[in-house]
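Chain residues, written in single-letter form:
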Amino acid sequence: MYRFLLTPRWWGINLFVVLAIPFCVFMGMWQLGRFEDRVQSHEQAEKRPDPSTRAAKPLDELLPVDKVTSGRPAVATGTYADQFLVPGRELDDRRGFYVLNMLRTDSGKALPVVRGWLPGSATGARVPAAPEGEVTVTGDLQASENSRSDGVNARGGLPGGQVGMISAATLVNLVPYDVYDAWVTLPEAEAGGTGGAMKPVPAAAPEGSGLDLKAFQNLGYTGEWFVFAGFVLFMWFRLVRREAEAVRDIALGLVPEDAAAPASPEAQEAPDAQEAPDAPEAARKAPAAP
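Since the structure is predicted, the reported quantities are computational estimates derived from the model, not experimental observations.

This part takes up the overall build of the protein chain. Assigned secondary structure in the protein chain consists of 5 helices and 6 strands. Its helices and strands in sequence order give the protein chain the pattern α-β-α-β-β-β-β-α-β-α-α, from N to C terminus. Among the 290 residues that make up the protein chain, the fraction classed as buried is 32%. Sequence separation of 24 or more characterises 66% of the internal contacts of the protein chain that already satisfy a separation of 6 or more. Split by element, the accessible area of the protein chain, about 18,200 Å² in all, is 57% carbon and sulfur.

What follows is the structure, encoded as structure tokens:
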């Protein structure tokens, strides 16, 4: 009854099923592994002490920024140079902007320093002036932002003196000196001056260290791949069952063997061709009317 499985048509169907199911299972396991990696990374981050409570180290010793050094206090010495405002940033459910200053160090590079946050619009805003002369800052280290970071404006078109992303790739086009591929945020308001009017910007958790939306997307993709594998197997069994029932009906004589196959054009034209010559012959055999 199941000899039809060895026909060329069914060889193609069987080959597709044999290849599709392992591929779906492999992709599902891969997505599940990505989810488990994110969970493990989150658990490790929860067990580590708060980076801001650890001893401060010189900036160059903490670079490049990774999941371990992100949030660590970094020390840098230099003089403040260009100032930029970073609009569209929220703090305590209020919309405002960051005050960002470039700290030029002895190495020749500049470190972006977020001195604080102010509410309102950045356009035409009056901000506290940066301290003059050589200063030593201690701020929580952060990796350069990208288009996926919260609050980033990657569309451009901002007024002069404003930037939408705190990134070396963006800032290096606005200043005539090299920029560190990192930035720091001051944990406390600047002492001794008007900087106290600004609120400190808390350090953000490193990207990929928490159970964010991407982690649950991996879990959702896992389910989708396994469901697709089950669907392929279900459809294969359904096709086999339908074919087996058709073979059984033909064997029992319930369905003519030729009924399942579509009639060829020659077979469809044959009856018409046979009826044409029969008409005159029938006329000749009919008895004449008295």
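Next comes the rest of the account.
Right, let's get into the environment of Asn-101. Inspection of the secondary structure assignment puts Asn-101 in strand β3 (residues 94-105). The spatial distance from the C-alpha of Asn-101 to the C-alpha of Pro-112 is 5.9 Å, given a sequence separation of 11 residues. Beyond its immediate sequence surroundings of up to four residues, Asn-101 is in contact with Tyr-80, Ala-81, Asp-82, Gln-83, Leu-111, Pro-112, Val-113, Arg-115 and Ala-130. A distance of 3.3 Å separates a polar atom in the side chain of Asn-101 from a polar atom in the side chain of Gln-83.

As a further point, take the pairing of strand β5 (residues 134-142). The pairing of strand β2 (residues 73-91) with β5 spans 7 bridges and is classified as antiparallel. If you follow Pro-73 over to β5, its bridge partner there is Asp-140. Inspection of the sheet shows β5 paired to strand β6 (residues 183-185) by 3 bridges, in the antiparallel sense. From the neighbouring strand, Asp-140 faces β6, where its bridge partner is Thr-185.

Moving on: the packing of aromatic side chains. To describe a pair of aromatic rings, one takes the distance between the centres and the angle between the planes. Tallying each qualifying case throughout the model produces 3 aromatic pairs. Summarising the aromatic geometry, the rings of Phe-23 and Trp-225 are spaced 5.6 Å apart at their centres and angled 85° between planes, so their arrangement reads as edge-to-face. Pair noted here: Phe-23 is in helix α1 (residues 8-47) and Trp-225 is in helix α4 (residues 213-251), with a separation of 202 residues, a long-range link. According to the relative accessible area criterion, Phe-23 is partly exposed, its value standing at 46%. A relative accessible area of 26% means that Trp-225 is categorised as partly exposed. A centroid spacing of 6.4 Å and a plane angle of 55° characterise the contact between Phe-35 and Phe-216, whose relative ring orientation is tilted.

Right, let's talk about the pattern of salt bridges for a bit. For the coordinates displayed, the defined rule picks out 5 salt bridges. We note a salt bridge from Glu-243 to Arg-9, for which the minimum N-O separation is 3.3 Å. Of the two residues, Glu-243 sits in helix α4 while Arg-9 sits in helix α1, which places them 234 residues apart along the sequence. Note on Glu-243: relative accessible area 24%, which makes it partly exposed.

Turning to its location among the elements, Arg-89 is positioned in strand β2. Residue class for Arg-89 comes out buried when judged on its relative accessible area of 2%. Polar contacts involving the side chain of Arg-89 include one to the main-chain carbonyl oxygen of Gly-151, which spans 3.1 Å. Residues contacting Arg-89, with those up to four places away along its chain left out, are Arg-94, Arg-95, Gly-96, Phe-97, Tyr-98, Trp-117, Glu-145, Asp-150, Gly-151, Val-152, Gly-164 and Met-165.

Before going further, it helps to spend a moment on the environment of Tyr-221. Assignment of secondary structure puts Tyr-221 in helix α4. Counting along the chain gives 186 residues from Tyr-221 to Phe-35, while the straight-line C-alpha distance between them is 9.9 Å.

Take the nonpolar core next. Counting residues in each nonpolar core, the largest one holds 18 residues, and the members touching the most others are Phe-84, Tyr-98, Leu-100, Met-102, Val-114, Ile-166 and Leu-171. Of all the secondary-structure elements, those providing two or more residues to this core are β2, β3, β4 (110-119) and α3 (168-171). In contact with Phe-84, not counting residues within four places along its chain, are Tyr-98, Val-99, Leu-100, Met-102, Gly-161, Val-163, Leu-171, Leu-174 and Val-175. Counting residues in hydrophobic clusters, the runner-up holds 17 residues, among them Leu-103, Val-113, Val-135 and Ala-182.

Here we come to the confidence of the model for the protein chain. Per-residue pLDDT for the protein chain averages 82, and the proportion of residues at 70 or more is 79%. Per-element confidence in the protein chain ranges from a low mean pLDDT of 49 for helix α5 (residues 265-285) to a high of 96 for β6. Under a pLDDT of 50 for its full length, residues 261-268 has, in the predicted model, 1 contact with residues more than four places off or in other chains. Low pLDDT (under 50) marks residues 273-277, which in the prediction has 0 contacts with non-local residues, meaning those over four places away or in another chain.

Going from Leu-63 to Pro-64, the amide bond is cis rather than trans, its omega being -5°. By secondary structure assignment, the location of Pro-64 is in the loop between α2 (59-62) and β2.

The buried count for β3 comes to 9 of 12 residues, which makes it a mostly enclosed element. With 11 bridges joining them, β2 and β3 adopt antiparallel strand pairing. The residue of β3 that forms the bridge with Leu-85 is Val-99. Taking the residues that link successive antiparallel strands as the turn, the β2-β3 hairpin has 2 residues, and the phi of Asp-92 there is positive, at about 55°. Taking the residues between adjacent antiparallel strands as the criterion, β3 and β4 are bridged by 4 residues, where Gly-108 takes a positive phi near 95°.

Definitions and limits used
- Residues numbered from 1 in each chain as written.
- Predicted model: local features only at pLDDT ≥ 70, side-chain atom pairs only at ≥ 80, totals over all residues.
- Heavy atoms only, no water.
- Helix = DSSP H or I, 4+ residues; strand = E, 2+ residues; numbered from the N terminus.
- Buried < 20%, exposed > 50% of the residue type's maximum accessible area, 1.4 Å probe, protein only.
- Contact = heavy atoms within 4.5 Å.
- Areas by Shrake-Rupley, 256 points an atom, 1.4 Å probe, with all protein chains shown as cover.
- Polar contact = N/O pair within 3.5 Å; in protein donor to acceptor, adjacent residues only side chain to side chain.
- Pairing = 2+ DSSP bridges.
- Phe/Tyr/Trp six-rings, centres within 6.5 Å; stacked < 30°, edge-to-face > 60°.
- Salt bridge = Lys/Arg side-chain N within 4 Å of Asp/Glu carboxyl O.
- Core = buried A, V, L, I, M, F, W, Y, C linked by side-chain atoms within 4.5 Å.
- pLDDT = per-residue confidence, 0-100.

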